[in-house]
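Structural characterization, general
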Amino acid sequence: GILLPKSSKVVMQIHYSSRAGVVAPDVTTVGINYTTAPVKKRFRTLPLVNQTFKIPPGASSYPVTVSVPVIPIGVHVLSIFPHMHLLGQTMSAEVTALDGTKTCLVEVPDWDFQWQGNYAYKTPIGILPGMRIDLTATYNNSTSNPENPNFPPREVGWGENTTDEMCLAFLGLTFDYENLSVNPADAGKTLKDVGFRSGAE
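Residues numbered from 1 in each chain as written. Predicted model: local features only at pLDDT ≥ 70, side-chain atom pairs only at ≥ 80, totals over all residues. Heavy atoms only, no water.

1. A word on the pattern of salt bridges
Under the defined criterion, the tally for this structure stands at five salt bridges. Asp134 serves as the salt-bridge partner of Arg132, at 2.7 Å between the closest nitrogen and oxygen. Across the salt bridge formed by Asp186 and Lys189, the nearest N and O atoms sit 3.2 Å from each other. Judged by its relative accessible area of 6%, Asp186 is buried. Lys189 sits in the partly exposed class, given a relative accessible area of 32%. (Salt bridge = Lys/Arg side-chain N within 4 Å of Asp/Glu carboxyl O. Buried < 20%, exposed > 50% of the residue type's maximum accessible area, 1.4 Å probe, protein only.)

Given below as structure tokens:
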């Protein structure tokens, strides 16, 4: 379950595009389902994010990376949501075990900004303490990219506008040790409380 503390505000960020030149009414909807059964594990979101990159004009395959060097506790990953904008070309994320074995979390070989979403695994992926998560994305900021909104191309970094860029993937996960029916106070623990740090390389 997702924790929603008393008196919380639910904030939605919606991006609109004027590129098509079409004016239409907003038809956005949101639905929240409340559980009627006890929750044993809290669903948490770990952002893999790099906000420091600068994609130079003319670069046709510019790499940007993110890593979580050491997973501090055992977790199970239930879903992943990759996100880039119009310059995005590819994105991949993988887990490296202590013996060097790699497990793919997502592989997007041909990014399409118009077709993105949250991918839920049929079987959650277990990650043990000491393992590493790495994400690599590539961007095409040249005139060969028909989706490039900037002509001529300009330097592009992190930003909220569609003409800016993002390097981001949300991991949905649960803590292996957690059993909220035994210890409800664990629901209030944050990722930082248990030692998670994500950083850009």
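2. Observations regarding the sheet that holds strand β10 (residues 167-175)
With respect to topology, four strands assemble into an open sheet ordered β1-β10-β4-β7, the strand pairing being antiparallel. Only two strands of the sheet have a single partner each, and these edge strands are β1 (44-50) and β7 (119-127). Going from strand to strand, the sheet's axes swing by 30° on average, the running direction of each strand aside. (Pairing = 2+ DSSP bridges. Helix = DSSP H or I, 4+ residues; strand = E, 2+ residues; numbered from the N terminus. Axes fitted to C-alpha atoms, helices over the stretch in contact; angles between N-to-C directions.)

3. Let's talk about the side chain of Asn140
In this structure, Asn140 sits in the loop between β8 (132-139) and β9 (156-157). Only 3.2 Å separates the side chain of Asn140 from the side chain of Ser144, close enough to count as a polar contact. Once residues lying within four places of it in the same chain are set aside, the contact partners of Asn140 are Ala59, Ser60, Leu87, Gln89, Asn145 and Asn148. (Polar contact = N/O pair within 3.5 Å; in protein donor to acceptor, adjacent residues only side chain to side chain. Contact = heavy atoms within 4.5 Å.)

4. Looking at the side chain of Thr96
You can see Thr96 is positioned in strand β5 (residues 88-96). For Thr96, a relative accessible area of 14% gives the class buried. A distance of 3.1 Å separates a polar atom in the side chain of Thr96 from a polar atom in the side chain of Lys102. Those residues within four positions of Thr96 in sequence are excluded, and the remaining contacts are Thr101, Lys102, Met131, Arg132 and Asp134.

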